[in-house]
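Now for the letters of each chain:
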Amino acid sequence: WRGRGGAPYSTLVPSDEVTITYRHGLPVITLTLPTRSERCRFTVKPTVTTVGAFLQDVQREDKGIERAEVFTTDGSKVSCATLMEVLLMNDFKLVINNTAYSVSPPVKDKLSSERATEMEDIKSLVHRLFVALHLEDHQIRKERELLQKLDHLKEELLPLEQMKARIMDSADAKTSKLLWVGLALMSTQGGALAWLTWWVYSWDIMEPVTYFITYGSAMAFYAYFVLTKQDYIYPDAKDRQFLHYFYRKSKNQHFNVERYNKLKEDLAEAEESLRRLRQPLHLRLPIQEISDKD
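Since the model is a prediction, treat every value here as computed from it, not as a measurement.

What counts, and where the lines are drawn
- Residues numbered from 1 in each chain as written.
- Predicted model: local features only at pLDDT ≥ 70, side-chain atom pairs only at ≥ 80, totals over all residues.
- Heavy atoms only, no water.
- Salt bridge = Lys/Arg side-chain N within 4 Å of Asp/Glu carboxyl O.
- Helix = DSSP H or I, 4+ residues; strand = E, 2+ residues; numbered from the N terminus.
- Buried < 20%, exposed > 50% of the residue type's maximum accessible area, 1.4 Å probe, protein only.
- Expected span 1.5 Å × (residues − 1).
- UniProt positions renumbered as here; feature names shortened; annotations may be inferred.
- Arc of directions from axis to C-beta.
- Pairing = 2+ DSSP bridges.
- Patch = residues over 30% accessible without salt bridge, like charges linked within 9 Å, V, L, I, M, F, W, Y side chains within 5 Å.
- Areas by Shrake-Rupley, 256 points an atom, 1.4 Å probe, with all protein chains shown as cover.
- Core = buried A, V, L, I, M, F, W, Y, C linked by side-chain atoms within 4.5 Å.
- Contact = heavy atoms within 4.5 Å.
- Axes fitted to C-alpha atoms, helices over the stretch in contact; angles between N-to-C directions.
- Phe/Tyr/Trp six-rings, centres within 6.5 Å; stacked < 30°, edge-to-face > 60°.

Glancing now at the pattern of salt bridges. One pass over the full model with this rule turns up seven salt bridges. Notably, a salt bridge pairs Glu161 with Lys264, separated by 3.4 Å at the nearest N-O pair. Highlighted residues: Glu161 in helix α3 (residues 113-200) and Lys264 in helix α6 (residues 257-284), separated in sequence by 103 residues. Owing to a relative accessible area of 29%, Glu161 belongs among the partly exposed residues under this scheme. For Lys264, a relative accessible area of 34% gives the class partly exposed. Note that Arg275 and Glu272 form a salt bridge whose closest N and O atoms lie 2.5 Å from each other. Taken together, the positions of Arg275 and Glu272, both in helix α6 and three residues apart, correspond to about one turn of that helix.

What follows covers helix α4 (residues 203-228). Between its terminal C-alpha atoms α4 stretches 37 Å, which fits the 38 Å expected from 26 residues at 1.5 Å a residue. Those residues of α4 that fall on the buried side of the exposure criterion are Met206, Thr210, Tyr224 and Thr228. Following α4 by one or two positions, Lys229 has its phi on the positive side, about 60°.

Glancing now at the UniProt feature "transmembrane region" (unreviewed entry) in the protein. Summarizing the sequence annotation, UniProt attributes the feature "transmembrane region" (unreviewed entry) to residues 178-197 and 209-227 in the numbering used throughout. Helix makes up 100% of residues 178-197 and strand 0%, whereas the separation of the span's terminal C-alpha atoms amounts to 28 Å. Helix makes up 100% of residues 209-227 and strand 0%. Its end C-alpha atoms lie 27 Å apart.

Inspection of helix α1 (residues 51-61) places Val51, Gly52, Phe54, Leu55 and Val58 among the buried residues, and these make up the whole buried set. End-on, the buried residues of α1 take up no more than an arc of 160°, which puts them together on one face.

Pairing analysis gives five bridges linking strand β2 (residues 19-23) to strand β3 (residues 26-33), with the strands arranged antiparallel. The residue of β3 that forms the bridge with Thr21 is Val28. Where β2 hands over to β3, the hairpin turn is made up of two residues, of which His24 adopts a positive phi near 55°.

Our focus in this paragraph is the pairing of strand β7 (residues 99-103). Burial within β7 is extensive, with four of its five residues counted as buried. Note: strand β6 (residues 92-96) against β7, five bridges, orientation antiparallel. Note on β7: the bridge partner recorded for Leu94 is Tyr101. Hairpin remark: β6 followed by β7, antiparallel, with two residues in the connecting loop; positive phi at Asn97, about 55°.

This paragraph deals with a nonpolar patch on the surface. Residues Trp195, Trp198, Trp199, Val200, Tyr201 and Ile205 make up a contiguous nonpolar surface patch of roughly 790 Å² in combined accessible area. For Trp198, the position within the fold is in helix α3.

By size, the foremost hydrophobic cluster in this structure holds 24 residues, and its most contacted members are Leu31, Phe54, Val70, Phe92 and Leu94. If you list the elements that add at least two residues to this core, you get β3, β4 (38-43), α1, β5 (68-72), α2 (84-87), β6 and β7. The leading source of residues in this core is α1, at four residues. With near-sequence residues (within four places) excluded, Leu31 lies in contact with Glu17, Val18, Glu38, Arg39, Cys40, Phe42, Phe54, Leu94 and Ile96. Counting 18 residues, the second largest nonpolar core, distinct from the first, contains Ile167, Phe255, Val257 and Leu263.

Moving on, we get to the sheet that holds β2. Read from one edge of the open sheet, three strands run β2-β3-β4, paired in antiparallel fashion. For this open sheet the edge positions go to β2 and β4, each flanked by a neighbour on one side alone. Sheet twist, expressed as the mean angle between neighbouring strand axes with direction ignored, is 30°. Here α1 sits on the sheet and contacts β3 and β4; the angle it forms with β4, its principal contact strand, is near 145°.

Here we come to the packing of aromatic side chains. In the structure shown here, the tally under the stated rule is four aromatic pairs. Between Phe42 and Phe54, the aromatic rings sit 6.0 Å apart at their centres with planes inclined by 90°, giving edge-to-face as the arrangement. Taken together, the residues span a long stretch of sequence, with Phe42 in strand β4 and Phe54 in helix α1 at a distance of twelve residues. Across the pair, Phe54 and Phe42 agree in class, each one buried. With centroids separated by 5.7 Å and ring planes inclined at 50°, the aromatic side chains of Phe255 and Tyr260 adopt a geometry described as tilted. The class of Phe255 is buried, set by a relative accessible area of 6%. Since its relative accessible area comes to 6%, Tyr260 is described here as buried.

If you want it as C-alpha cells, here you go:
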C-alpha cells in the first residue's frame, strides 16, 4: 500500500481498528487516536457531512494528527467534497499520519415497505401539525402586510385620482362641446340647403350640389376608416375623441398614466390577495381578534 508520490505507508492496520456501527439510524465511526491512544467515536450525518468535514473533526479531536486522508480500495483518493453517505457504500482505507486503516462499513438494512409507509405517515402527520400550529400566525402577519400595502397604495393614488378626475371632466366637456358643434354645423348645412333650394334656386340646380355633398361625406367617413381602422360609429368616435383630449391634457398637466395604471393594478392584486387570505382567516380566528383587526 503506497501513498501519494508512491511512498509506502509504514503500517496497514486491520479493519477491526476502525469500526462503523449504526445508532438511532446514524453511522458511528470508532477509531483510536494516535497521540492520545484512546478510542473515540464520531457520529456523522451521512446525507449532510462530507469526507472533508469528518477528517477535520478527527484532526480537531487529536492535534497530533498531521495528515488525514481517505482512499478507495484501489488506491484512488476520495475527494473531500464527497458525502459520507457515498463513502459508506463501499470499503475504503482511512489514512492517519503514516497508518492506513482498512475499513469495511456494515450493510445497512433497507426499510421494509411497511416501515417506509409508516415513516411517511409520521412525516405527513408532523407536517400537518406544524401547519396547524403556525399557519394562523403566518396568515395574520400576511394580512397586516397586505393592509399596510393597501394603505400605501391608496395614499399614492389619492392625488393621482384627483388629478385624473379633473382631466376627465375637462376632456368630457370638450367632447360634449364638439358634439354640439357638429350638431350645429349639420343643422346649419340643412337650413342652408333648404333655403337655397326653395328660395334662391330650384331643385334642378341644387340636386347635383346635394349629391356631391353626400359623396364628400362618404369620402370623409372612408378616410376616417383608413386612418383609424374603425368604422365611423358615433359612440366609438366619441370615445376616441375623449381619449385624444384626455391624453393631451394629461401630457400638459404631467399626469403619469403608466404609473397610475401600475398602481391600480397593484391595488387590485393586493385586494384580491387579501380577499383570498381572509376566507380561511375568518374561519380560524376568534371573533374578538377579527373585530380588533377590522
